[in-house]
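Fold and contact review
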Amino acid sequence: QVQLVESGGGLVQPGGSLRLSCAASGSIFSIVVMGWYRQAPGKQRELVATITSGGTRNYADSVKGRFTISRDNAKNTVYLQMNSLQFEDTAVYYCYAEVTTKAASGRYGFWGQGTQVTVSS
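The structure reproduced in this document is the subject of the present report. The shown structure was predicted, so the numbers you read here are calculated from the model rather than taken from an experiment.

Moving on, we come to the overall build of the protein. Secondary structure assignment for the protein yields zero helices and 11 strands. Helices and strands in the protein line up, N terminus first, as β-β-β-β-β-β-β-β-β-β-β. The C-alpha radius of gyration computed for the protein amounts to 14 Å, which stays within 12% of the reference 14 Å derived for 121 residues, consistent with globular compactness. Referenced to the eigenvectors of the C-alpha coordinate spread, the extents of the protein come out at roughly 50 × 25 × 20 Å. The burial tally for the protein puts 43% of its 121 residues in the buried class. Looking at the protein alone, contacts between residues at least 24 apart form 55% of all its contacts between residues at least 6 apart.

Right, dumping it as structure tokens:
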């Protein structure tokens, strides 16, 4: 089994910054992709940003230029630096990892428990 533990959410004023972290542990052979999704009340979960093991990044248009995703492969950890936060960024942010495991062939996706980010004045 694989566990994803997120941290770093909280309450911030518009224009402020937050940094999210997500550490993966368990029966991991390799992590193919790590990323962040978010879900606002009454809306579907949406992609925020992803990063591959080779460092290729993908961002939602709504966060380009404001958010930066990075990862530490040695620590199986992904980060999301969020700057210039806006009211519309309020959501539960979920960490995602697609991994290969030691126990079975193939790729498997896992989700974290979510961390709340609230942008409010």
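The rest of the description comes next.
Considering all chains together, one arrives at five salt bridges under this definition. Between D89 and R38 there is a salt bridge, and its shortest N-O distance comes to 2.9 Å. With D89 in the loop between β8 (77-82) and β9 (91-101) and R38 in strand β4 (residues 28-39), this pair connects stretches of sequence that are 51 residues apart. Judged on exposure class, the residue D89 and its partner R38 are both buried. For E98, the salt bridge goes to R107, with nearest N and O atoms at 3.3 Å. When its relative accessible area of 56% is taken as the criterion, R107 is described as exposed. In the salt-bridge network here, residues are joined through shared partners; they are R38, E46, R66 and D89.

Here the focus is the nonpolar core. If you look at the biggest cluster of nonpolar residues, it comprises 32 residues, and the most contacted ones within it are W36, L80, M82 and Y93. Within the residue set of this core, elements represented by two or more residues are β1 (2-7), β3 (18-26), β4, β5 (46-52), β7 (67-72), β8, β9 and β11 (115-119). The element best represented in this core is β9, accounting for five residues. Those residues in contact with L80 that lie beyond four places of it in its chain are L18, R19, L20, W36, V48, A49, F67, T68, I69 and Y93.

Below, the discussion takes up the state of the cysteines. Under the definition given, this model contains one disulfide. In this model C22 forms its disulfide with C95; the gap between the sulfur atoms is 2.1 Å. Because the torsion about its S-S bond is -85°, the bridge between C22 and C95 counts as left-handed. Here C22, found in strand β3, pairs with C95, found in strand β9; they are 73 residues apart in sequence, far enough to count as distant. Pair check on accessibility: C22 and C95 agree, each one buried.

The rules behind each value
- In this convention, every chain numbers its residues from 1, walking through the sequence in written order.
- Thresholds applied to this predicted model are a pLDDT of at least 70 for local features of residues and 80 or more for the giving and counting of side-chain atom pairs; totals over whole chains, interfaces and linings are not thresholded and use all residues.
- Side-chain calculation: all heavy atoms of the structure are included, whereas hydrogens and water are not.
- Counting from the N terminus, the helices are the DSSP runs of H or I reaching at least four residues and the strands are the DSSP runs of E reaching at least two.
- Only C-alpha atoms enter the radius of gyration, while the globule expectation follows 2.2 Å times N to the 0.38, with N the number of residues.
- With a 1.4 Å probe rolled over the protein chains alone, any residue whose accessible area is under 20% of its type maximum counts as buried; one over 50% counts as exposed, and the rest are partly exposed.
- The contact definition used throughout considers only heavy atoms, calling two residues in contact when any of these lie within 4.5 Å.
- Salt bridges are defined by distance alone: a side-chain nitrogen of Lys or Arg within 4 Å of a carboxyl oxygen of Asp or Glu.
- Take the buried residues of types Ala, Val, Leu, Ile, Met, Phe, Trp, Tyr and Cys, join any two whose side-chain atoms come within 4.5 Å, and each joined set is a nonpolar core.
- Disulfides are defined as pairs of cysteine sulfur atoms found within 2.5 Å of each other.

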